[in-house]
Amino acid sequence: MSTPSLEILQQRYGHLPAGELLHGLIHEALPGRVALVSSFGADSALLLSLVADVDKHTPVLFLNTGKHFPETLEYTRHLTDQLGLTRVLHLTPDETLLSNIDSTGTLWQHQPNRCCWLRKVEPLERAVKELGIEALITGRKRYQTAERAQMHTIELDEQQQLRINPLANWSKEQLQAETMRRNLPPHPLVAQGYKSIGCAPCTRQVAAGEDERAGRWAHTKTTDSAQKTECGLHVTQEH
Ligand code: SF4
């Protein structure tokens, strides 16, 4: 089955509310070729719930980097069960690459971009190819960063991969209200001051008044180089 062009997808579905947008793409435009990438982090529950409403069998790709907090792994199990999701796939780094590139598990300290490639980018690219996925659902929002302020609900990334951003236009207040209305459980570390949750070595608590992503890759900030702020995936709100 051919893939509709970006323009057609935007015209037909781009203006729809999140649930209808997801329904149209998952069931009409790209059946069997859409997956959700989720970090099961601080802001993940709502999008997982919206996708579960549309089709509980939608592939959910969780990048199990081997560096997550135990609380994240437990939360992954808990949310999966609560929402009735049937295809949460744990994507792990390639064993050979892992032993060749990061045998000590400390690559994140010196080369975080390479570590993110090894533990996130490569496993995701491999899974997308193996599963025949043509569009990835992301939890990115316009309000999060200046780079994201202009993004569309349906777009192409740098690799010409279709991305679906059902929450792009939502405000933080709308997200919180809908999350409460659905009675979705928070990630257990949120109560401890974590606002954006990724791998344990690269995540710290955020102080009052700090940007919610200030706790990500904080160890990479030096006087002569910019702080790392993204993992290279650009597909979730928290990776
Ligand atoms: S977030 Fe940190 S530990 Fe996780 S893959 Fe990236 S550099 Fe490695």
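Residues numbered from 1 in each chain as written. Predicted model: local features only at pLDDT ≥ 70, side-chain atom pairs only at ≥ 80, totals over all residues. Heavy atoms only, no water.

*Asks:* Honestly, the packing of aromatic side chains in this entry has me stumped. Any pointers?
*Replies:* Two descriptors summarise a pair of aromatic rings, namely the distance from one centre to the other and the angle between the planes of the rings. Within the structure shown, the criterion is met by two aromatic pairs. Ring centres of F40 and F62 lie 5.6 Å apart, and the angle between their planes is 90°; on these two criteria the pair is classed as edge-to-face. Remark: F62 occurs in strand β2 (residues 60–63) and F40 occurs in the loop between β1 (34–37) and α3 (45–54); sequence separation between them is 22 residues. Given the relative accessible area of 0%, F40 is considered buried. A relative accessible area of 0% places F62 in the buried class. Relative to Y194, the ring of F69 has its centre 5.5 Å away and its plane inclined at 70°; by these criteria the two rings are edge-to-face. (Phe/Tyr/Trp six-rings, centres within 6.5 Å; stacked < 30°, edge-to-face > 60°. Helix = DSSP H or I, 4+ residues; strand = E, 2+ residues; numbered from the N terminus. Buried < 20%, exposed > 50% of the residue type's maximum accessible area, 1.4 Å probe, protein only.)

*Asks:* Explain the pairing of β1 to me, please; I cannot follow it from the model alone.
*Replies:* The side chains of a regular strand alternate, residue by residue, between the two faces of the sheet. Across the two faces of β1 the burial is the same, with V34 and L36 and A35 and V37 all buried. Two strands pair when backbone bridges link them, and β1 and strand β4 (residues 135–137) are joined in this way by three bridges, in the parallel orientation. Bridge pairing links A35 to L136 in β4. Here two bridges tie β1 to β2, and the two strands are oriented parallel to one another. Bridge pairing links L36 to V60 in β2. For the crossover that starts at β1, traverses α3 and ends in the parallel β2, the hand is right-handed. (Pairing = 2+ DSSP bridges. Right-handed = clockwise from strand over helix to strand, strands pointing away.)

*Asks:* It is not clear to me how the sheet that holds strand β6 (residues 162–164) should be interpreted in this structure. Could you clarify?
*Replies:* Sheet strands pair via backbone hydrogen bonds, and the direction of the pair is either parallel or antiparallel. Taken in spatial order, the six strands make up an open sheet running β3-β2-β1-β4-β6-β5, and their pairing is mixed. Each end of this open sheet is capped by a strand with a single partner; those strands are β3 (88–91) and β5 (154–156). Ignoring which end each strand starts from, the neighbouring axes of this sheet average 30° apart. Where β4 meets β6, three bridges bridge the pair, whose relative direction is parallel. Following the sheet pairing, L136 is matched in β6 by R163. Helix-sheet contacts for helix α1 (residues 6–13) involve β5 and β6, and the interaxial angle to β5 is about 165°. (Axes fitted to C-alpha atoms, helices over the stretch in contact; angles between N-to-C directions. Contact = heavy atoms within 4.5 Å.)

*Asks:* What am I meant to see in the pattern of salt bridges here?
*Replies:* Opposite charge on two side chains allows them to pair when their charged atoms are near. Counting across every chain of the model gives nine salt bridges. Measuring nitrogen to oxygen at the nearest pair gives 2.9 Å for the salt bridge that ties E155 to R140. On the criterion of sequence distance, the pair formed by E155 in strand β5 and R140 in the loop between β4 and β5 is long-range, its members being 15 residues apart. Take E155 and R140: they sit in the same class, and that class is buried. R163 serves as the salt-bridge partner of E155, at 3.0 Å between the closest nitrogen and oxygen. Accessibility assignment for this pair places E155 and R163 in one class, buried. Each of the salt bridges in this network shares a partner with another, and the network as a whole consists of D53, E178, R181 and R182. (Salt bridge = Lys/Arg side-chain N within 4 Å of Asp/Glu carboxyl O.)

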